[in-house]
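Chain by chain, the residues:
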Amino acid sequence: MLRSYCVILCSVSLCLGGWSSAQAAGVPRLARVTPPGGERGTVVEGEFSGRGLDQPKDILFYEPGIALESLEPVEKGLVNGREVAVEPGYRVKAKFKIAADCQLGAHGLRLRTAGGLTEYARFHVGPFPTVEETETTLKRNDKRDAAQDVPLNSTVFGRLNEPTDLDIYRVLVKKGQRLSAEIEAHRLGVERGIPDLHLTIRDASGKVLAAADDSAIFVQDPVLSVIADSDGERFLEVGHSMYNGANDQPRWHVGAFSRPTAIFPAGGPAGSELKVRIIGDPKGSWEQAVTLPAASGDFGFIAMADGVPAPTPNRLRVSPFPNVIEGSEPVASLPAAFNGIIAKPGESDAFRFHAKKGDRFKFHALANALGSPLNPTISIRPANAKGTAGLQRAAA
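Residues numbered from 1 in each chain as written. Predicted model: local features only at pLDDT ≥ 70, side-chain atom pairs only at ≥ 80, totals over all residues. Heavy atoms only, no water.

**Student:** Hey, could you run me through the nonpolar core in this one?
**Tutor:** Nonpolar side chains in soluble globular proteins generally cluster together in the buried interior. Core analysis: the largest hydrophobic core is formed by 22 residues, its most contacted members being Val 171, Leu 179, Ile 183, Leu 236, Val 238, Trp 252 and Val 254. Apart from residues lying up to four places away in sequence, Trp 252 is in contact with Ser 154, Thr 155, Val 156, Tyr 169, Glu 182, Ile 183, Glu 184, Leu 236 and Val 238. Of all hydrophobic cores here, the second largest spans 21 residues; its members include Ile 59, Phe 61, Cys 102 and Leu 104. (Core = buried A, V, L, I, M, F, W, Y, C linked by side-chain atoms within 4.5 Å. Buried < 20%, exposed > 50% of the residue type's maximum accessible area, 1.4 Å probe, protein only. Contact = heavy atoms within 4.5 Å.)

Written out as structure tokens, the structure is:
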């Protein structure tokens, strides 16, 4: 089972001082991108569905690594095996190429039509081949003896067509092998709301090895990781937590990858070489080197375990400030980025820094923004103060 840790990055710097109306106006509205993701280094054919998508012109990608190859309206489609006309403006077919070195994770996009730009949507790039769910109304995969076989290190593109739909998949593992699974559903989003799914890993006898319907790092998208105690089959079940969803199309990853719940330190100076500790893996923590980009901001870090990448990144914070690790000597001057771990309830981290009378500072704690479950409180007081003298406190 994964253990939860709270990792804090606190930056301190010197302070210097209506659907209906849109539809009537012909504004394009994007409801769904299908499939919602793809493997890097491949060409993906997909569809954009919504309203007002007449005369598609281009797809605007917010991050590099994906290039549009073709774009055209869908004029005919299949319904119950029969070809029928598709109402204009409802569906657009696209083909785009994902670069082999494309950054893993979410890529923002908008469809541009003659009527304008659609709302922002995300397309998720992963490292593994995609396996589509094969369930039909006559051949369900909701029992272990009818489970769909999936190879390790795959991304499943599934469909939950009704509130009680349960999809079961079978994988083969070796004794001592890590088996991890991660759902992308909440992060995909749909027009009608946010999917809230449940994930379970069982052994060949049906015993529950691990189960979750949430995670600190991805909120309503659960993650699980276990170590196989024997060779053989393991079953993964995906379904709705509240049995109130329908027509959801989640992606989920299964394999021998590590799914870290935290990275420490949670960031570092821009352009620096940083050695980080991977936390939350059932095989224990380890260190990995990373080169941070030259620009400040969020950075998607991919953990590597036995040559297999995590399917989605952990978020690190890149700043222009030097790192200060818990337990370090007092900081000579600010600005600085303090890094600590709150490993158990009631624990707190303390950092010392030098300041002069009249100095003004801004303190900002980053916890949940980096995937930590912590709701931090910052308390500041003179080092020689007694009790609460001079105490200043801020909470979220």
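Once the structure has been displayed, the description carries forward.
**Student:** Explanation requested: the pattern of salt bridges in the structure shown.
**Tutor:** Pairing of side chains with opposite charge becomes possible as their charged atoms draw close. As enumerated under the stated definition, the model contains 20 salt bridges in all. The residue Glu 132 makes a salt bridge to Arg 159 at a minimum N-O spacing of 3.7 Å. Residue Glu 132 is found in strand β13 (residues 130-132), and its partner Arg 159 is found in the loop between β15 (154-157) and β16 (166-173); the two are separated by 27 residues along the sequence. Of the residues examined, Arg 159 reaches a relative accessible area of 25% and is grouped as partly exposed. The salt bridge involving Glu 162 is made with Arg 140; its shortest N-O contact spans 3.6 Å. (Salt bridge = Lys/Arg side-chain N within 4 Å of Asp/Glu carboxyl O. Helix = DSSP H or I, 4+ residues; strand = E, 2+ residues; numbered from the N terminus.)

**Student:** What is the right way to read the sheet that holds strand β9 (residues 91-98) from this model?
**Tutor:** The strands that make up a sheet pair up through hydrogen bonds in the backbone, lying either parallel or antiparallel. Here 4 strands make up an open sheet; going across it, the order is β2-β4-β9-β6 and the pairing antiparallel. Only two strands of the sheet have a single neighbouring strand rather than two, namely β2 (29-34) and β6 (66-73). The sheet shows a mean angle of 25° between the axes of neighbouring strands, taken without regard to direction. Note: strand β4 (residues 43-51) against β9, 7 bridges, orientation antiparallel. Its bridge partner being in β9, Glu 47 is matched across the sheet by Lys 93. (Pairing = 2+ DSSP bridges. Axes fitted to C-alpha atoms, helices over the stretch in contact; angles between N-to-C directions.)

**Student:** Could you clarify how one ought to interpret the packing of aromatic side chains in this entry?
**Tutor:** To describe a pair of aromatic rings, one takes the distance between the centres and the angle between the planes. All chains considered together, the criterion is met by 9 aromatic pairs. Here the aromatic rings of Phe 96 and Phe 123 are separated by 5.0 Å at their centres, their planes lie at 90°, and the arrangement is edge-to-face. Separated by 27 residues along the polypeptide, Phe 96 in strand β9 and Phe 123 in strand β12 (residues 121-126) bring together distant segments of the chain. Phe 96 sits in the buried class, given a relative accessible area of 1%. (Phe/Tyr/Trp six-rings, centres within 6.5 Å; stacked < 30°, edge-to-face > 60°.)

**Student:** Help me out: how do you make sense of the side chain of Ser 180 in this one?
**Tutor:** Relative to the assigned elements, Ser 180 resides in strand β17 (residues 178-184). Judged by relative accessible area, which is 0%, Ser 180 ranks as buried. At 2.8 Å, the side chain of Ser 180 forms a polar contact with the side chain of Ser 225. Residue contacts for Ser 180: discarding those within four places in its chain leaves Leu 224, Ser 225, His 253, Val 254, Gly 255, Phe 257, Ser 258 and Arg 259. (Polar contact = N/O pair within 3.5 Å; in protein donor to acceptor, adjacent residues only side chain to side chain.)

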